[in-house]
Amino acid sequence: MIRNDSVKPRRTRMSRADRERQMLDVAEEVFAERGYGAVSMEEIAELVGLSKPMLYEYFGSKEGLLLGVIRRARGELREVTERAVEAGGTPEEMLRRGYIAYFRFGEAHHRAWLVLLQEPVLVRSAAEEIEGIRRQQSEMMVGLLAAHLPDRPRRALEAYAESVIGACERMALWRARNPEVTPEEAADHLMDLTWTGLATLNSSGGVA
């Protein structure tokens, strides 16, 4: 058979979902490395290998692209934490697994985590999306607590959940300054702080 080297292989057409994922990956990286305000849509389009109008067609604006990055991280975080909690056999184990999953997510998705921590200050809609992540985690925590603290009023459960979410965020920031701290160690510190109190709240013994 005669080989014709002049015949070039056909370029594989990328699906819309794959193209969008590629755009978000690039945006996530450059937003984290250089900051939202320092990056233009033209630069992102060039890195992706597309025209700027195509990037606008997908996300509408640079702010829309940032929101896309945050929303993707929000969905992924919910998935990994819910799966971890469901795998626990006891309330104590469920809580610790949830903590570990949260910190492992921050470690595995370091670029996205930097965007989540930094950019809400600059973009109001981004701040609203971040608050949506907090509410998402809080609602999951309320559900976990309600199943094992049936005698506690809803307002108390919400207060406990908000306190836990705040502690997780501060621990994540502390870990960023102390990268040698593993997700498991961070979870242990939070368990020392939170579980002692939670374990004594249910007079029926459902938590202990």
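Everything here concerns the structure above.
Here we summarise the structure given alongside this text. For clarity, every value in this text was computed on a predicted model and none was experimentally measured. (Residues numbered from 1 in each chain as written. Predicted model: local features only at pLDDT ≥ 70, side-chain atom pairs only at ≥ 80, totals over all residues. Heavy atoms only, no water.)

**Let's talk about the overall build of the protein chain**
Point 1. A count of helical and extended segments in the protein chain gives 9 helices and 0 strands.
Point 2. Tracing the protein chain from N to C terminus, the helices and strands come up as α-α-α-α-α-α-α-α-α.
Point 3. For the protein chain, the proportion of its 208 residues judged to be buried stands at 42%.
Point 4. For the protein chain, the share of sequence-separated contacts (at least 6 apart) that also reach a separation of at least 24 residues comes to 67%.
Point 5. Counting only carbon and sulfur atoms, one obtains 51% of the accessible surface of the protein chain, whose full area is about 12300 Å². (Helix = DSSP H or I, 4+ residues; strand = E, 2+ residues; numbered from the N terminus. Buried < 20%, exposed > 50% of the residue type's maximum accessible area, 1.4 Å probe, protein only. Contact = heavy atoms within 4.5 Å. Areas by Shrake-Rupley, 256 points an atom, 1.4 Å probe, with all protein chains shown as cover.)

**A word on the pattern of salt bridges**
Point 1. Summed over all chains, the structure comprises 13 salt bridges.
Point 2. Its salt-bridge partner being E93, residue R97 comes within 3.1 Å of it at the nearest N-O pair. In this pair, R97 and E93 are both assigned in helix α5 (residues 91-108), 4 residues apart and thus about one turn of the helix distant.
Point 3. Residue R97 is classed as partly exposed on the basis of its relative accessible area of 36%.
Point 4. Overall, the relative accessible area of 32% leaves E93 in the partly exposed class.
Point 5. A salt bridge links R154 to E158; the nearest nitrogen and oxygen atoms lie 2.9 Å apart. Here R154 and its partner E158 are both found in helix α8 (residues 154-177), 4 residues apart, which amounts to about one turn of the helix. (Salt bridge = Lys/Arg side-chain N within 4 Å of Asp/Glu carboxyl O.)

**Considering the packing of helix α2 (residues 41-48) against helix α3 (residues 52-59)**
Point 1. Following both chains from N to C, one finds α2 and α3 inclined at 100°, their axes separated by 8 Å at the closest point. Between α2 and α3, the angle falls in the class roughly perpendicular. Facing α2, whose interface residues are M41, E42, I44 and A45, α3 presents K52, L55 and Y56. (Axes fitted to C-alpha atoms, helices over the stretch in contact; angles between N-to-C directions. Parallel < 35°, antiparallel > 145°, perpendicular 65-115°, else oblique.)

**A closer look at the environment of R21**
Point 1. Examined against the element boundaries, R21 turns out to sit in helix α1 (residues 16-34).
Point 2. The class of R21 is partly exposed, set by a relative accessible area of 42%.
Point 3. Taking the C-alpha atoms as reference, R21 lies 9.5 Å from V69; in sequence the two are 48 residues apart.
Point 4. Of note is the side chain of R21, whose polar atom sits 2.5 Å from the side chain of D18. (Polar contact = N/O pair within 3.5 Å; in protein donor to acceptor, adjacent residues only side chain to side chain.)

**Digging into the packing of aromatic side chains**
Point 1. Summed over all chains, the structure comprises 3 aromatic pairs.
Point 2. When the ring of F31 is compared with that of Y36, the centres are 5.4 Å apart and the planes differ by 55°; the resulting orientation is tilted.
Point 3. F31 sits in the buried class, given a relative accessible area of 0%.
Point 4. Among the residues examined, Y36 registers a relative accessible area of 11% and is labelled buried.
Point 5. Residues Y102 and F103 carry aromatic rings whose centres are separated by 5.4 Å and whose planes lie at 80° to one another, so their mutual orientation is edge-to-face.
Point 6. By relative accessible area, which is 11% here, Y102 ends up buried.
Point 7. Across from the ring centre of Y58, 4.1 Å away, lies the NZ or CZ of R16, which sits over that ring. (Phe/Tyr/Trp six-rings, centres within 6.5 Å; stacked < 30°, edge-to-face > 60°. Lys NZ or Arg CZ within 6 Å of the ring centre and 35° of its normal.)

**Examining the environment of R19**
Point 1. On the secondary structure map, R19 appears in helix α1.
Point 2. Between the alpha carbons of R19 and Y58 there is a distance of 9.4 Å; along the sequence they are 39 residues apart.
Point 3. Look past the residues within four positions of R19 in its chain and what remains in contact with it is M14, V48, L50 and Y58.
Point 4. Polar contacts involving the side chain of R19 include one to the side chain of Q22, which spans 2.7 Å.

**What about α2?**
Point 1. Those residues of α2 that fall on the buried side of the exposure criterion are M41, I44, A45 and V48. The buried residues of α2 all sit within an arc of 100° when viewed along its axis, so they share a single face. Looking at α2, the residues exposed on the side facing more than 90 degrees away from the buried face are E42, E46 and L47.
Point 2. Where α2 is buried, its residues contact α1, α3 and α4 (62-86). (Arc of directions from axis to C-beta.)

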